[in-house]
Amino acid sequence: MKANNRKLDLKSGRVELSHGSGGRAMAKLVGELFHAAFANAELLKGNDQAAFSVEAGRMVMSTDGYVVTPLFFPGGNIGDLAVNGTVNDVAMAGATPLWLSAAFVIEEGLPLADLKAIVDAMAEAARTAGVAIVTGDTKVVERGKADGVFITTTGVGVVPDGLALSADRARPGDVVILSGTIGDHGIAVMSKRENLSFETAIVSDSMALNGLVAAMVAAGGDAIRVMRDPTRGGLAATLNELAESSRVGIVVEEEAIPIRAEVAAACELLGLDPLYVANEGKLVAIVAPDKAEAVLAAMQADSAGRDAAIVGRVVEDDHHFVQMTTAFGGGRMVDWLSGDQLPRIC
Amino acid sequence: MKYVDEFRDGKIARRLAAAIAEAADPARDYRFMEFCGGHTHAISRYGIEDLLPDNVRMIHGPGCPVCVLPVGRVDAAIRLARRPEVTLLTYGDLMRVPGSGGVSLLRAKAEGADIRMVYSTLDALKIAESEPDREVVFFAIGFETTTPPTALALKLAKNKGLANFTVYSNHVLTPAAISHILESPEVRKLGTVRIDGFIGPAHVSTVIGTRPYDYFAEEFEKPVVVAGFEPLDVMQAILMLVTQVNDGRHVVENQYVRAVRPEGNLTAQREVAEVFELRESFEWRGLGEVPYSALRIRPAYAGFDAEKRFDIPYVPAPDNPACDCGAILRGVKEPRDCKLFGTVCTPETPMGSCMVSSEGACAAHWTYGRFRDPAGARRKAS
């Protein structure tokens, strides 16, 4: 019986099927790893659910699955991504994110040290964002049935009175604001992919945006029509979604869109269009024209929105096209991404 | 970005646009074909058409290696990839090209075939070396630009005695395709399509030089300007073509002097000649059979030729009869003239070759340019 009292071998141990089978091994994993890292009163009660009191008003809820390859990339790992991504999805409603759940599907054989690094990153990201991970679940699947670890997080937050941000609220004349440089996350991850490694100093922009959102709401209130974080599919996908939902057109200025020189260079080499590359710490806001400058100033005053810029405007267009005035002086469409963005050959 | 931004400068673009507008004779119009999909992409992506006067029009040519690959060859690659012992490697933009029944390499991969994307032929060699139990086949496509790397891989494979590496060669030749267009009845005999000059692909010319184009300039009396792929390169090439037409000249000029020499890259040419030989004929999607327009692997390298190692019978597969790609590639029609364009044929579900790669005329127009179509011709994506 002595062996059972041993602590998890976080240095050289690996996740085994027994860690997910509901027995003592699982209790040990949950206790020594998850509870230790996420420590909060609600989680430590050890119930199958978390209970919390709510005030009157509107709440929002969002869920997202994270399956990034590789698990560790410059500037972060799947853990902080899983927290920041869901915090941001909740915050895009103008809400204050408060609670998260986290469900892990772990592939047998994942080094416990990796899992600990991921869980620690989640705990740190949650602390930074001011949210608590209050409930969770752990499953272990046979080797080959998952890719290291998949994490699903669900977030719940409360919306300040008087706010009803929604994708169908953009109106011709509104202003499109972007919170910072595009493409950092996608290029950072791609730089570490198998068969494609290249040297770069680019790091992921994975970051919680709820602080930035709170500052924007304070400055613009309901004049902020909608906010969305341009993750998969990049800025292009987000602008097309918003144009379609609001049944309007959007015209952006290429020169106004902030992009790091390294990201532009990497895209150039790989034949990618940065407009379609993923971001994990940026948001697009569509704001009524009279409050646009105030919202922009509030964003620029926040570290998460230092490089914020007005990048375009909403126009009438029955086709709901997103168009761009190129830095070169011509015009083009910014269409939905078709399929995956695959590199061109020559 | 150094060495890039200089060639995308909006101020210089406006100056060049003014120079083109001034040079273009309002009493006539100018129709130039950019052969290469790289130029088509640049013209669309940077909105160059907006900077040209109305009487200077660009016709998008067939120089997109993914687009001109016939369906039968995609089918053959898929059949090859479905063999349990085979790992098929290829460049990324081939993955989505639909073969017969809409089955693409991506779809075959999802169904279990071992198909992987590589960035270079050297990566392909590495995979063959590290996985000796797999039959590693490189699905090679491209014009003269991508041929030398394939030749190099074949030579290295031979030197290393790699027994599990073969190449399925689909390399094609630029001059043969341009000849084919100029010989086509619409251009040569009927005069229904006027092409006043060509923008030649610079990357191809870094390998083959500018001399192979002398023939067109003389025989067909068409000016050719070999140009780089940055938008300012394209604008400058258009100005050079307008000037030649005005002067009644038809010679080969080199706009891309920063990389192209008249004789090209002799080392690369030698390597290619050592490994490859001409095919008597090759089918091009949209153009049909084009004589002496493609390369196969020489008998000395037969051990590395997938067509020799595996039984890959070629079964031609016709395009949708309503598809106008052939006419679009020859400049007879524009993408929006095709009744499939934007209805059943979009980049998500391409029916014809011009829609399959971002460098194809239809895909470029759909992705970047369709907002310019007259309201009646606009069709909405589903």
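**Q** Help me understand the overall build of chain A, please; the structure alone is not making it clear to me.
**A** The helix and strand inventory of chain A stands at nine helices and 13 strands. A globule of 346 residues ought to have a C-alpha radius of gyration of about 20 Å, and chain A, at 21 Å, matches this closely. Counting only C-alpha atoms, chain A reaches 75 × 55 × 35 Å along its principal axes. Of all 346 residues assigned to chain A, the portion counted as buried reaches 56%. A separation threshold of at least 6 residues defines the contact pool for chain A, and within that pool the share at least 24 residues apart is 84%.

**Q** How do you make sense of the packing of aromatic side chains when you look at a structure like this?
**A** Aromatic ring pairs are described here by two measures, namely the spacing of the ring centres and the angle between the planes. Evaluation of the coordinates by the stated rule reveals 14 aromatic pairs over all chains. Between the aromatic rings of A:F328 and B:Y46, the centroid separation amounts to 6.1 Å while the plane-to-plane angle is 65 degrees, which identifies the pairing as edge-to-face. Of the two residues, A:F328 is situated in the loop between β12 (322–325) and β13 (331–333) and B:Y46 in the loop between α2 (37–45) and β2 (56–63); the pairing between them involves two chains. Considered together, A:F328 and B:Y46 belong to a single accessibility category, that of buried residues.

**Q** Whenever I open this one, the environment of B:N246 confuses me. Can you help?
**A** Residue and element names in this part refer to chain B. Structurally, the position occupied by N246 is in helix α12 (residues 231–247). We classify N246 as partly exposed; its relative accessible area is 36%. For N246 and D25, which are 221 residues apart along the polypeptide, the C-alpha to C-alpha distance reads 7.8 Å. Within the structure, N246 has its side chain in polar contact with the backbone oxygen of A23 (distance 2.8 Å). One polar contact links N246 to Y30, side chain to side chain, over a distance of 2.6 Å.

**Q** What am I meant to see in the state of the cysteines here?
**A** Two cysteines joined by a covalent bond between their sulfur atoms form a disulfide. Residue and element names in this part refer to chain B. One pass over the structure, following the stated rule, counts one disulfide over all chains. The residue that forms a disulfide with C64 is C67, at a sulfur-sulfur distance of 2.4 Å. When the S-S torsion is 70 degrees, as for the bridge of C64 with C67, the disulfide is right-handed. Of the two residues, C64 and C67, neither departs from the other in class, the shared state being buried. Summary of cysteine pairing: C345 is not part of a disulfide, and the nearest cysteine sulfur, belonging to C362, is at 6.3 Å.

**Q** So what exactly am I meant to see when it comes to unusual backbone geometry here?
**A** Excluding glycine, a negative phi dihedral is what most residues carry, and trans is how most peptide bonds are arranged. A:P70 follows A:T69 through a cis peptide bond whose omega is -5 degrees. Topologically, A:P70 is positioned in the loop between β1 (58–66) and β2 (72–73). Even without being a glycine, B:E221 presents a positive backbone phi close to 55 degrees.

**Q** Explain the interface of chain A and chain B here, please?
**A** One widely used convention gives an interface's size as the accessible area the parts lose upon coming together. Listed as interface residues are 32 residues of chain A and, on the opposing side, 44 residues of chain B. A combined buried area of about 3300 Å² lies between chain A and chain B, and 59% of that area is made up of carbon and sulfur atoms. In this assembly, chain A and chain B are joined by three salt bridges. For A:E268, the salt bridge is made with B:R8, and the minimal N-O distance between the two is 2.5 Å. The interface formed by chain A and chain B includes seven residue pairs in polar contact (both at pLDDT 80 or more). Those elements that provide at least two residues to the side of chain A that touches chain B are α8 (261–270) and β13 of chain A.

**Q** Explain the domain arrangement of chain A here, please?
**A** All names here are of chain A. Along its sequence, chain A is carved into domain 1 (3–159) and domain 2 (175–333). Averaged C-alpha coordinates put domain 1 and domain 2 at centres separated by 28 Å. Facing the 18 residues of domain 1 at the interface are 21 residues of domain 2. Summed over both sides, the interface of domain 1 with domain 2 buries roughly 1600 Å², with 60% coming from carbon and sulfur. In terms of surface lost to domain 2, no three residues of domain 1 exceed P74, N88 and M92, which account for 37% of the buried area on that side. Taken together, the connections running from domain 1 to domain 2 amount to zero salt bridges. Across the contact surface, domain 1 and domain 2 share seven residue pairs in polar contact (both at pLDDT 80 or more). Class assignment of the residues belonging to the side of domain 1 that touches domain 2 gives a composition of ten nonpolar, six polar and two charged.

**Q** What is the right way to look at the side chain of B:T90 in this model?
**A** Residues and elements named next belong to chain B. In this structure, T90 sits in strand β3 (residues 86–90). Residue T90 is classed as buried on the basis of its relative accessible area of 0%. Discounting residues that sit within four places of it in the chain, T90 has contacts with M95, L105, R116, M117, V118, F138 and F139.

**Q** Explain the pattern of salt bridges to me, please; I cannot follow it from the model alone.
**A** A side chain with one charge may pair with a side chain of the opposite charge, provided their charged atoms come close. Residues and elements named next belong to chain B. Counted according to the given criterion, the structure contains 42 salt bridges over all chains. In this structure, R296 engages E280 in a salt bridge whose closest nitrogen and oxygen atoms are separated by 3.4 Å. You can see R296 sitting in strand β13 (residues 295–297) and its partner E280 sitting in the loop between β10 (276–278) and β11 (281–284), a full 16 residues away along the chain. Given the relative accessible area of 45%, E280 is considered partly exposed. Taken together, the shared-partner salt bridges in this structure form one network comprising R28, D29, R194 and D196.

**Q** Could you clarify how one ought to interpret the packing of α2(B) against helix α16 (residues 361–369) of chain B in this entry?
**A** All names here are of chain B. Running from N to C, α2 and α16 cross one another at 15 degrees; their axes reach a closest spacing of 9 Å. Of the possible angle classes, the one that applies to α2 and α16 is roughly parallel. In this structure, α2 crosses over α16, and the sense of that crossing is right-handed. When α2 is examined against α16, the residues T40, H41, S44 and R45 are found in contact with a partner set consisting of A361, A364 and Y368. Taken together, the residues that form the contact of α2 with α16 break down as three nonpolar, three polar and one charged.

**Q** Please clarify how the pairing of strand β6 (residues 149–159) of chain A should be interpreted in this entry.
**A** In the case of a regular strand, side chains alternate between the two sheet surfaces. Residues and elements named next belong to chain A. Buried residues dominate β6, accounting for eight of its eleven residues. Pairing analysis gives nine bridges linking β1 to β6, with the strands arranged antiparallel. When the bridges of β6 are listed, G65 appears paired with T152. Pairing geometry for strand β4 (residues 96–107) and β6, over ten bridges, is antiparallel. Bridge assignment links V105 to a residue of β6, and that residue is F150.

**Q** Help me understand the sheet that holds strand β8 (residues 224–227) of chain B in this model?
**A** For sheets, the rule is that strands pair by backbone hydrogen bonds, running either parallel or antiparallel. All names here are of chain B. Overall, parallel pairing links the five strands, which are arranged β2-β1-β7-β8-β9 in an open sheet. Each edge of the open sheet is held by one strand with a lone partner, namely β2 and β9 (252–254). Pairwise comparison of adjacent strand axes, ignoring direction, gives a mean angle of 25 degrees for this sheet. Taken together, the four bridges between strand β7 (residues 197–201) and β8 define a ladder with parallel strand orientation. Across the sheet, residue G200 finds its bridge partner in β8, namely V226.

Definitions and limits used
- Residues numbered from 1 in each chain as written.
- Chains lettered and ligands numbered in written order.
- Predicted model: local features only at pLDDT ≥ 70, side-chain atom pairs only at ≥ 80, totals over all residues.
- Heavy atoms only, no water.
- Helix = DSSP H or I, 4+ residues; strand = E, 2+ residues; numbered from the N terminus.
- Rg over C-alpha atoms; globule rule 2.2 N^0.38 Å.
- Buried < 20%, exposed > 50% of the residue type's maximum accessible area, 1.4 Å probe, protein only.
- Contact = heavy atoms within 4.5 Å.
- Phe/Tyr/Trp six-rings, centres within 6.5 Å; stacked < 30°, edge-to-face > 60°.
- Polar contact = N/O pair within 3.5 Å; in protein donor to acceptor, adjacent residues only side chain to side chain.
- Disulfide = S-S within 2.5 Å.
- Buried area = accessible area lost by both parts, 1.4 Å probe.
- Salt bridge = Lys/Arg side-chain N within 4 Å of Asp/Glu carboxyl O.
- Domains from an automatic or database assignment.
- Nonpolar A, V, L, I, M, F, W, Y, C, P; charged D, E, K, R; others polar.
- Axes fitted to C-alpha atoms, helices over the stretch in contact; angles between N-to-C directions.
- Parallel < 35°, antiparallel > 145°, perpendicular 65-115°, else oblique.
- Left-handed = near helix turned anticlockwise from the far one by under 90°.
- Pairing = 2+ DSSP bridges.

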